[in-house]
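Residues per chain, in single letters:
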Amino acid sequence: MTTHPHAIDPPNAGSKSAQIWALVITGLALFMVVLDNLVVTTALPTMRLDLGASVTTLGWVVNAYTLAFAALLLTGAALGDRFGRRRVFAIGITIFALASAGCALAPDINSLIFFRVMQGLGAAPVMPLSLTLLADAFPPGKRGLAIGIWSGISGLAVAAGPLVGGGLVDALSWHWIFWVNVPIGLILAPIALWKLRESYGPDRHLDLGGLVLVAVGLFGLVYGIVRGNEVGWGSPQILTTFIGGVVFLALFLWWETRAKYPMLPLRLFRIRGFAVANSVSVCLYFGMFGAVFFLAQFLQTVQGDGAFDAGLKVLPWTIMPMFIAPLAGAYSDRIGSRPLMASGLFIMTAGFLWMGLTITPDISYGGLVGGFLLAGFGMALVFAPVSNMLIGSVPEQDIGKASGANNTVREVGGALGIAVMTAIFTGAGSYSSGQAFVDGLNPAVLVGAGVLFLGGLIALLAPKNVTPPAGGVAAH
């Protein structure tokens with residue numbers, strides 16, 4: 001093991017206390033960035049009236065964050081490997097907090113969109129590096145429970161998003177969904193520098209060509225996906241950005257085969273555990289984000305619930321990871337990730353089939369909740385085991401790059417799920433009546449069920465026991 005000349009460890013690095021600090025710090029940072037993406041959706045109607053924004057422009061309040069975040073995930077992980085994961089993690093939190101203040105103070109919609117881009121820029125390194133720093137604090141045999149708690153915190157943020165957003169908007173104003181991030185971020189960043197152990201990737205050089213190619217490629221791809229239904233899939237704007245994104249990503253892959261210090265070594269895709277984890281993640285997030293997007297609208301548009309009430313009703317689904325994910329993570333250390341991932345995806349499939357085959361405009365909540373519970377239980381079984389298998393499959397020095405890649409495919413999978421299921425909804429239904437909405441919702445949810453079932457089949461291909469390939473260990 002070599003030592004980086006600038007590596008500085010806090011006292012008792014690797015101790016029980018250091019592990020608890022790592023879990024608390026990375027968990028809070030993760031909660032903040034995941035929550036922020038969801039609380040915004042409940043505040044959009046109020047923002048539109050307050051800022052005088054059009055519906056089209058308002059969509060960019062969500063898309064600006066998503067595009068910056070997705071396009072820079074791999075870049076954020078690469079910068080952490082080069083300049084220090086703890087350092088870049090703390091910088092990301094600080095940028096996110098300051099950008100949140102900018103959002104809260106935004107005098108018009110264009111300023112708000114600009115600061116949402118800055119939020120995405122700050123969040124991009126926080127998400128993958130939170131997992132890398134957490135894994136660094138725990139030995140391989142004990143990571144499952146820690147990753148399970150980390151996954152549960154992410155699930156809690158998903159569950160709390162509509163509730164917190166609706167509560168703050170109703171009690172105070174939409175500005176407070178951003179103000180709450182500011183003190184948390186500005187306190188958390190210095191604590192991260194104080195309590196977390198610094199670590200680096202094996203490369204001491206930045207892959208600048210790769211950084212540019214992957215950022216442009218992902219931006220074009222995700223832009224095409226999130227805007228395709230609104231602008232038209234055959235429009236010059238979407239075709240240009242989508243095809244351009246694919247071309248730049250192809251150039252990125254070509255470049256990575258020739259770069260001396262690649263930001264994403266393609267050899268990782270020859271590792272079965274890594275390849276399966278990423279494929280499963282695409283399927284999981286495709287189904288999950290697409291279905292939640294429409295079911296939340298169903299409760300509000302068709303059944304007349306408010307945003308807060310709709311969030312409460314979906315809670316049996318979205319809060320499940322908080323309770324189940326830590327257990328799934330711990331068991332994945334004992335029995336492996338494969339049975340948990342496959343079972344979870346097949347259970348989610350059953351929940352989606354329940355909903356897709358039974359939802360009618362006047363269905364009672366009792367008729368829905370069974371599908372919500374199955375979907376939530378299955379989802380909670382997958383989160384931690386897929387992350388545990390991902391980082392357990394690769395050499396220690398590649399964990400940062402592996403985490404960046406996995407977070408990227410998750411974002412692309414989620415965006416693709418919303419786009420594809422929206423296209424199906426638009427083709428079969430509309431917003432003109434409750435029945436028309438359900439006519440589009442049901443086939444969209446059933447397609448989500450098919451993608452989740454495919455994910456379950458892919459999960460069965462995972463190795464029974466994960467052993468990382470031989471390789472050096474990152475310096476600490």
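Let me begin by describing the structure that accompanies this report. Along each chain, residue indices are assigned from 1 in the same order as the chain's sequence is written. Since the coordinates come from a predicted model, pLDDT governs what is reported: local features require at least 70, and pairs of side-chain atoms require 80 or more to be given and counted, while whole-chain, interface and lining totals use all residues. Only hydrogens and water are removed before side-chain values are computed, so all heavy atoms of the structure are retained for them.

## So, the overall build of the chain
Going along the chain from the N terminus, every DSSP run of H or I of four or more residues is numbered as a helix, and every run of E of two or more is numbered as a strand. Broken down by element type, the chain carries 16 helices and 0 strands. Among the 476 residues that make up the chain, the fraction classed as buried is 56%. Only heavy atoms matter for contacts: two residues are in contact if any of them lie within 4.5 Å across the pair. Long-range contacts, defined here as pairs at least 24 residues apart, represent 84% of the contacts in the chain between residues at least 6 apart. Total accessible area on the chain stands at roughly 18,100 Å², and carbon and sulfur atoms take up 70% of it. Buried means the residue's accessible area, taken with a 1.4 Å probe over protein chains only, is under 20% of the maximum for its type, while exposed means over 50%, and partly exposed covers the values in between. Every accessible area reported is derived by Shrake-Rupley at a probe size of 1.4 Å, with residue values counting cover from the shown protein chains alone.

## With respect to the packing of helix 13 (residues 338-358) against helix 16 (residues 434-459)
Under this scheme, a helix contributes an axis fitted over its contacting stretch, all axes are lines through C-alpha atoms, and angles between N-to-C directions fall in the 0 to 180 degree range. At a closest axis distance of 8 Å, the pairing of helix 13 and helix 16 adopts a crossing angle of 165°. As judged from the angle between their axes, helix 13 and helix 16 are roughly antiparallel. When you trace helix 13 past helix 16, the crossing you get is left-handed. Contact residues: helix 13 offers Arg338, Met341, Ala342, Leu345, Phe346, Met348, Thr349, Phe352, Leu353, Met355, Gly356 and Leu357, while helix 16 offers Asn442, Val445, Leu446, Gly448, Ala449, Leu452, Phe453, Gly455, Gly456, Leu457 and Ala459. Along the lines of polarity and charge, the residues of the contact of helix 13 with helix 16 split into 16 nonpolar, 6 polar and 1 charged. Each angle receives one of four descriptions, namely roughly parallel if under 35 degrees, roughly antiparallel if over 145, roughly perpendicular if within 65 to 115, and oblique otherwise. We call a crossing left-handed when the near helix sits turned anticlockwise from the far one by less than a right angle, and right-handed when that turn is clockwise. Under the grouping applied here, Gly and all other residues not named as nonpolar or charged are polar, the nonpolar ones being Ala, Val, Leu, Ile, Met, Phe, Trp, Tyr, Cys and Pro and the charged ones Asp, Glu, Lys and Arg.

## What to know about the side chain of Gln119
Tracing the backbone through its elements, the reader meets Gln119 in helix 4 (residues 109-137). Whenever a nitrogen or oxygen atom comes within 3.5 Å of another N or O atom, the pair is scored as a polar contact, on the condition that within protein one atom can donate a hydrogen and the other can accept it, and that pairs from neighbouring residues in sequence are kept only if both atoms are in side chains. One polar contact links Gln119 to Arg116, side chain to side chain, over a distance of 2.9 Å. If we skip the residues at most four places from it in the chain, Gln119 touches Asp36, Tyr65, Phe96, Ala99, Ser100, Cys103, Phe178 and Asn181.

## Quick look at the pattern of salt bridges
The salt bridge definition used is simple: a Lys or Arg side-chain nitrogen within 4 Å of an Asp or Glu carboxyl oxygen. All chains considered together, the criterion is met by 1 salt bridge. For Glu198, the salt bridge goes to Arg86, with nearest N and O atoms at 4.0 Å. Linking Glu198 in the loop between helix 7 (181-195) and helix 8 (208-231) with Arg86 in helix 3 (residues 85-105), this pair joins segments that are 112 residues apart in sequence. Of the two residues, Glu198 and Arg86, neither departs from the other in class, the shared state being buried.

## Some remarks on the nonpolar core
Core analysis: the biggest nonpolar cluster contains 128 residues, and Phe89, Leu112, Trp317 and Phe352 have the highest contact counts within it. Counting residues per element, this core draws most heavily on helix 10 (residues 272-302), at 14 residues. Residue types Ala, Val, Leu, Ile, Met, Phe, Trp, Tyr and Cys, when buried and joined through side-chain atoms within 4.5 Å, form a set referred to as a nonpolar core.

## Some remarks on helix 7
The end-to-end C-alpha distance of helix 7, which contains 15 residues, comes to 20 Å, matching closely the 21 Å that a straight helix rising 1.5 Å per residue would cover. Among all positions of helix 7, only Asn181, Val182, Gly185, Leu188, Ala189 and Ala192 are buried. The span you would expect from a helix comes to 1.5 Å times its residue count less one.

## Re the environment of Gly148
Examined against the element boundaries, Gly148 turns out to sit in helix 5 (residues 143-171). On the basis of relative accessible area, Gly148 is assigned to the buried category, the value being 0%. Residues Gly148 and Tyr331 lie 183 residues apart in sequence; the distance between their C-alpha atoms is 9.5 Å. Ignoring anything within four residues of it in the chain, the contact list for Gly148 reads Ala325, Pro326, Gly329 and Ala384.

## As for helix 9 (residues 236-256)
Owing to its 3.6 residues per turn, the α-helix brings residues three or four apart onto one side. Given a rise of 1.5 Å per residue, 21 residues ought to cover 30 Å, and the 30 Å separating the end C-alpha atoms of helix 9 matches this to within 8%. Of the positions making up helix 9, those classed as buried are Ile238, Gly245, Leu249, Phe252 and Glu256. Looking straight down helix 9, one finds that the buried residues subtend no more than 60° of arc, so they occupy a single side. Of the exposed residues in helix 9, the ones pointing more than 90 degrees away from its buried face are Pro236 and Thr240. This arc describes the spread of directions from the helix axis toward the C-beta atoms.

## Quick notes on the packing of aromatic side chains
Side-chain rings of Phe, Tyr and Trp (the six-membered ring for Trp) are treated as a pair once their centres are within 6.5 Å; stacked means planes under 30 degrees apart, edge-to-face means over 60, and tilted covers the remaining angles. Under the definition given, this model contains 11 aromatic pairs. Between Tyr65 and Phe69, the aromatic rings sit 5.8 Å apart at their centres with planes inclined by 20°, giving stacked as the arrangement. Of this pair, Tyr65 and Phe69 both sit in helix 2 (residues 55-83), separated by 4 residues, roughly a single helical turn. For Tyr65, a relative accessible area of 2% gives the class buried. Relative to Phe372, the ring of Tyr365 lies with its centre 6.5 Å away and its plane at 65°, an arrangement referred to as edge-to-face. The lysine or arginine in question, Lys195, covers the ring of Trp194, its NZ or CZ lying 4.2 Å from the ring centre. We call a charge positioned above a ring when the Lys NZ or Arg CZ atom is no farther than 6 Å from the ring centre and deviates by at most 35 degrees from the ring normal.

## Some thoughts on the packing of helix 13 against helix 14 (residues 365-393)
Where helix 13 contacts helix 14, the two axes come as close as 7 Å, and the packing angle between them is 155°. As summarised for this structure, helix 13 and helix 14 are arranged roughly antiparallel, according to the angle between their axes. For the element pair helix 13 and helix 14, the recorded crossing hand is left-handed. Looking at the contact of helix 13 with helix 14, its residues break down into 19 nonpolar, 7 polar and no charged.

## Comments concerning the side chain of Asn442
Within the fold, Asn442 resides in helix 16. Judged by relative accessible area, which is 17%, Asn442 ranks as buried. In this structure the side chain of Asn442 is engaged in a polar contact, spanning 3.4 Å, whose partner is the backbone oxygen of Ile359. Once residues lying within four places of it in the same chain are set aside, the contact partners of Asn442 are Met355, Gly356 and Ile359.

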